[in-house]
Amino acid sequence: MMTRAALLVLADGRFPAGGHAHSGGAEAAVKAGRITDAASLEEFCRGRLHTAGLVAGALAAAAALGADPGELDAAADARTPSPALRTAARRLGRQLLRAARATWPSLELDAVAREFPKGAHQPVVLGLAARAAGLGPEDAAHCAVYESVSGPATATVRLLSLDPFHATAALARLAPELDRVADRAVAAARRARAEGVDALPAASGPLLEVGAEWHAAWPVRLFAS
Amino acid sequence: MDGVTVTGVRAQARIVARADGRGGTALPVLDGEVPLAPRRTRSSGSEAKVVLVGAMSGPLGGDRLTVDVRVEEGARLHVGSAAATIALPGQAGGEARYDVRLDVADGAELHWLPEQLISAEGSDLYVTTRVEAGAGARLVLREEQVLGRVGERPGRLTSRLTVRAAGRTVLDQELACGLGAPGGWDGPAVLAGYRAVGQLVVVRPEFGERPVEARALGECAALVPLAGPAALVSAVAPDALRLRRLLDEALTRLV
């Protein structure tokens, strides 16, 4: 049974899945002096949206369509060369899976918990959670691409004491692009159902990957990634 | 209509390396079509060396270039290029394609170390590099992209690198940058004004058991273990020279 409100429950920043502990690379970019204000935050989010966001959206949509979680997880590994980011994605996946199983009990979610004791990549779990909630691939993709920018925006508010109104306005300006990226993600996920996971997008941001390893080596940091 | 249709060049180069049975490597196939010309140069030890000559004048808009390399079991091949490759806008217009396929058999070794790919203003190139490495294969692959010649804005460049090793995809990444690329490509998440970007992939069977340790090499480069018998160095730099220095330095840590 599908309800629109289920999407709000899943996408809510207060959904207890641990995302608040991660900055999506914003902490490294702030320290490197690449994010200094609302304008550079918006550019950071735009870049993340079209790279990691597109990939996450396509993985989530493919999982929501019923693609094999193991194949999707391996595809996520290949698209995530940074081991710090692979670890973060699995940790987030495990936390989301716990919350999702309690919220929308399903045999598919139980099976993923058994197959990936250390956690599957978060976007794959997100897609399966959407499926368990009776949502479709479009919903899963929108959730994933929105998370790819909302996390860094929230983190930057804390890191730079940025005015939260300005951060939220940046997200609102990105909204039309979020829709377009979600559409591309769903189209790619449908292609992947026919052609296999190689058809999923593999867009990457070199500074996200390199910055994640730099960040992981700091002795003290505010965010886990 | 003037009756003249301008179409791009279609050209293919093929290299097959085979163990010659005397501890060396033979090249039973070494073919190229203009502008791709592979030349055998002096070999060292059991390794055959090939230089790709003349790739410099292309690819132009509308061109479709393909390079196919197969290194068979027990063979060792080193491929470089005589000069940087420059993507230029062409009369035919439209996107140019450059597809590289590298097949490295179990027990074979390939060093794929071409010079930089430079994206000139107004060009539009989609380059794909697909590696299929067998279970015991060894590979060193370097890929460097430079956005624009000195003082020039970059063209559009999209580059996908896919590496399969021992039957699984260990790396699949695409970088899109330049005029017309999706938003944010020059922002703080992707290139942040850096004009040179590169990767070094090293596949070795022993990395499956003992992966390299992840290490940040400053804030602009990192050495990481991939999910499989492979390691990757990613780097961004202000220019080609500094990028090469970063990648060379990282390679010495792996040897």
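A short tour of the structure in this document, coming up. Everything numeric here is computed off the predicted structure, so don't read it as measured data.

The rules behind the values
Residues numbered from 1 in each chain as written. Chains lettered and ligands numbered in written order. Predicted model: local features only at pLDDT ≥ 70, side-chain atom pairs only at ≥ 80, totals over all residues. Heavy atoms only, no water. Helix = DSSP H or I, 4+ residues; strand = E, 2+ residues; numbered from the N terminus. Rg over C-alpha atoms; globule rule 2.2 N^0.38 Å. Buried < 20%, exposed > 50% of the residue type's maximum accessible area, 1.4 Å probe, protein only. Areas by Shrake-Rupley, 256 points an atom, 1.4 Å probe, with all protein chains shown as cover. Lys, Arg positive; Asp, Glu negative; His and termini not counted. Charge placed at Lys NZ, Arg CZ, Asp CG, Glu CD. 1 Å grid on protein atoms, 1.4 Å probe; cavity = no way out; pocket = protein on both sides within 12 Å on 5 of 7 lines; lining within 4 Å. Points joined across faces, edges and corners; volume = space filled by probe spheres on them. Nonpolar A, V, L, I, M, F, W, Y, C, P; charged D, E, K, R; others polar. Pairing = 2+ DSSP bridges. Contact = heavy atoms within 4.5 Å. Buried area = accessible area lost by both parts, 1.4 Å probe. Salt bridge = Lys/Arg side-chain N within 4 Å of Asp/Glu carboxyl O. Polar contact = N/O pair within 3.5 Å; in protein donor to acceptor, adjacent residues only side chain to side chain. Axes fitted to C-alpha atoms, helices over the stretch in contact; angles between N-to-C directions.

1. Here's the deal with the overall build of chain A
Item 1. Broken down by element type, chain A carries ten helices and zero strands.
Item 2. In sequence order, chain A lays out its α and β elements as α-α-α-α-α-α-α-α-α-α.
Item 3. The C-alpha radius of gyration of chain A comes to 16 Å, within 12% of the 17 Å expected for a compact globule of 225 residues.
Item 4. Along the longest, intermediate and shortest principal axes, the C-alpha atoms of chain A span 45 × 35 × 35 Å.
Item 5. Across the 225 residues that make up chain A, the buried fraction comes to 58%.
Item 6. Carbon and sulfur atoms provide 57% of the accessible area of chain A, an area that totals close to 9400 Å².
Item 7. The average position of the 24 basic charges and that of the 23 acidic charges among the side chains of chain A differ by 4 Å.

2. Concerning empty space enclosed by the protein
All names here are of chain B.
Item 1. Per the counting criterion, the structure on display carries four cavities of 30 Å³ or more.
Item 2. Considered as a void within the structure, the largest cavity measures approximately 260 Å³ in volume.
Item 3. Contributing to the lining of the largest cavity are 17 residues, with Y98, W112, P114, E115 and L117 lying nearest its centre.
Item 4. Every element with two or more residues in the lining of the largest cavity is listed here: β8 (96-104), β11 (124-133) and β12 (138-147).
Item 5. Here the lining of the largest cavity takes four residues from β12, the largest share from any one element.
Item 6. Here the residues of the lining of the largest cavity are counted per class, giving eight nonpolar, five polar and four charged.

3. Points about the pairing of strand β18 (residues 230-237) of chain B
Residues and elements named next belong to chain B.
Item 1. When you tally the buried positions in β18, you get eight out of eight residues, the bulk of the element.
Item 2. The side-chain alternation of β18 yields two buried faces, one formed by A230, L232, S234 and V236 and the other by A231, V233, A235 and A237.
Item 3. Here eight bridges tie strand β15 (residues 196-203) to β18, and the two strands are oriented antiparallel to one another. Its bridge partner lying in β18, V202 is registered against A231.
Item 4. Note that strand β17 (residues 221-225) and β18 share five bridges and pair antiparallel. The partner of A222 across the bridge, within β18, is S234.
Item 5. Joining the antiparallel neighbours β17 and β18 is a turn of four residues, in which G228 adopts a positive phi near 155°.

4. Points about the pairing of strand β13 (residues 156-165) of chain B
A regular strand places its side chains so that they alternate between the two faces of the sheet.
Residues and elements named next belong to chain B.
Item 1. Buried residues dominate β13, accounting for eight of its ten residues.
Item 2. Across ten bridges, the pairing between β11 and β13 is parallel. In the strand pairing of β13, R130 is matched with T162.
Item 3. Two elements, β13 and strand β14 (residues 168-177), share nine bridges in a ladder whose sense is antiparallel.

5. Comments concerning the environment of B:E95
Residues and elements named next belong to chain B.
Item 1. The residue E95 is located in the loop between β7 (85-87) and β8 in this model.
Item 2. On the basis of relative accessibility, which here comes to 43%, the residue E95 falls in the partly exposed class.
Item 3. In sequence terms E95 and P59 are 36 residues apart; their C-alpha atoms lie 9.8 Å from each other.
Item 4. Setting aside residues no more than four positions away along its own chain, E95 makes contact with G61, G62, D63, D124 and Y126.

6. A few points about the interface of chain B and chain A
Item 1. Every contact between the two is made by 35 residues of chain B and, on the other side, 33 residues of chain A.
Item 2. Carbon and sulfur atoms supply 61% of the area buried between chain B and chain A, which totals about 2600 Å² over both sides.
Item 3. Among the residues of chain B in contact with chain A, B:P188, B:A189 and B:E219 are the three that bury the most area, contributing 25% of the side total.
Item 4. Note that A:D198 is salt-bridged to B:R130, the shortest N-O span being 3.8 Å.
Item 5. Counting the contacts that link chain B with chain A gives eleven residue pairs in polar contact (both at pLDDT 80 or more).
Item 6. Taken together, the elements giving at least two residues each to the side of chain B that touches chain A come down to β14, β17 and β18 of chain B.
Item 7. When residues of the side of chain B that touches chain A are assigned to their parent elements, the largest contribution, eight residues, is made by β14(B).
Item 8. The residue inventory of the side of chain B that touches chain A, partitioned by class, reads 22 nonpolar, seven polar and six charged.

7. What to know about the sheet that holds β14(B)
Residue and element names in this part refer to chain B.
Item 1. Judged by pairing direction, the sheet is mixed, and its seven strands sit side by side in the order β2-β1-β5-β8-β11-β13-β14 without closing on themselves. Taken across any chain shown, the strands that pair with only one partner, and hence form the sheet edges, are β2 (25-31) and β14. This sheet shows a mean twist of 5° between the axes of neighbouring strands, independent of strand direction.

8. Quick word on the environment of B:W185
All names here are of chain B.
Item 1. Topologically, W185 is positioned in the loop between β14 and β15.
Item 2. Residues W185 and L175 lie ten residues apart in sequence; the distance between their C-alpha atoms is 8.7 Å.
Item 3. Non-local contacts of W185, meaning those with residues more than four positions away in its chain, are made with L147, P154, A176, C177, G178, L179, V190, L191 and R195.

Read these as geometric descriptors, not functional statements.
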